[in-house]
Amino acid sequence: MLGKPVPGWSTFKLKDTNSYDLSYLSDIPYEWVEAAICGLQMDMPFCVKGHTEPGLVTCTVSCDNCHIVFKAHPRLYQETSNTTRLQFCQSLYDDISQNIDIWVEFHSHKLDDSERRTRKKDLEQKLARLKDLISK
């Protein structure tokens, strides 16, 4: 779902959808994991977004589907994937966990060692919470 990040960029693609190159302007690992945790805790749909420079991708994750809206003035494009909420959350967990050190610095490339450790610990805690919710 999320490609291995390269400095400031990652690819987002769901089953049967286009691919979107997301930039560091959105703090993908932290914002998306927080949204997924909230959605699972409340058993409700949730939204994640990412900047594509130019443009914005918004993905609404519902129980049975994911609805993507891509806006890049003057274009507006919509598509749907039959990716379920649990599939989305599991993919998010897997993709970020597999490359956690790179994701920690995705939004900010100039972290000192203390900031890097703090962000990594925070992300690890969020991922553990997400994994726990997925298991339930």
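Look up: the structure comes first, before these words.
Keep in mind it's a predicted model, so treat the numbers as computed, not measured. (Residues numbered from 1 in each chain as written. Predicted model: local features only at pLDDT ≥ 70, side-chain atom pairs only at ≥ 80, totals over all residues. Heavy atoms only, no water.)

With that out of the way, let us pick up the overall build of the protein. Scanning the protein from N- to C-terminus turns up four helices and six strands. Ordering the α and β elements of the protein from the N terminus gives β-β-α-β-β-β-β-α-α-α. In terms of overall dimensions, the protein is globule-like: its C-alpha atoms have a radius of gyration of 14 Å, near the 14 Å expected for 136 residues. Along the three orthogonal principal directions, the C-alpha set of the protein runs to about 40 × 35 × 20 Å. Taken over 136 residues, the protein has a buried fraction of 43%. Considering only intrachain contacts with a sequence separation of at least 6, the fraction spanning at least 24 residues in the protein is 53%. Each charge sign in the protein was given a centre, from 17 positive and 19 negative side chains, and these centres are 1 Å apart. (Helix = DSSP H or I, 4+ residues; strand = E, 2+ residues; numbered from the N terminus. Rg over C-alpha atoms; globule rule 2.2 N^0.38 Å. Buried < 20%, exposed > 50% of the residue type's maximum accessible area, 1.4 Å probe, protein only. Contact = heavy atoms within 4.5 Å. Lys, Arg positive; Asp, Glu negative; His and termini not counted. Charge placed at Lys NZ, Arg CZ, Asp CG, Glu CD.)

With that settled, the discussion passes to the packing of helix H1 (residues 28–42) against helix H4 (residues 113–135). The geometry of H1 relative to H4 is characterised by a closest axis approach of 10 Å and an angle of 30 degrees between their N-to-C directions. Taken together, H1 and H4 sit at an angle that is classed as roughly parallel. Handedness of the crossing formed by H1 with H4: left-handed. Residues Pro29, Tyr30, Val33, Glu34, Ala36, Ile37, Leu40 and Gln41 of H1 lie in contact with H4, whose contacting residues are Arg119, Lys120, Asp122, Leu123, Lys126, Leu127, Arg129, Leu130, Leu133 and Ile134. Across the contact of H1 with H4, the residue classes tally to 11 nonpolar, one polar and six charged. (Axes fitted to C-alpha atoms, helices over the stretch in contact; angles between N-to-C directions. Parallel < 35°, antiparallel > 145°, perpendicular 65-115°, else oblique. Left-handed = near helix turned anticlockwise from the far one by under 90°. Nonpolar A, V, L, I, M, F, W, Y, C, P; charged D, E, K, R; others polar.)

Counting across every chain of the model gives zero disulfides. Not part of a disulfide, Cys47 finds its nearest cysteine sulfur in Cys59, a span of 7.9 Å. Relative accessible area serves as the criterion here: at 46%, Cys47 is assigned to the partly exposed category. Counting only cysteine sulfurs, Cys66 is the nearest neighbor of Cys89, a cysteine outside any disulfide, at a range of 8.6 Å. In this structure Cys89 comes out as buried when scored by relative accessible area, which is 0%. (Disulfide = S-S within 2.5 Å.)

All we've got here are geometric facts, nothing functional implied.
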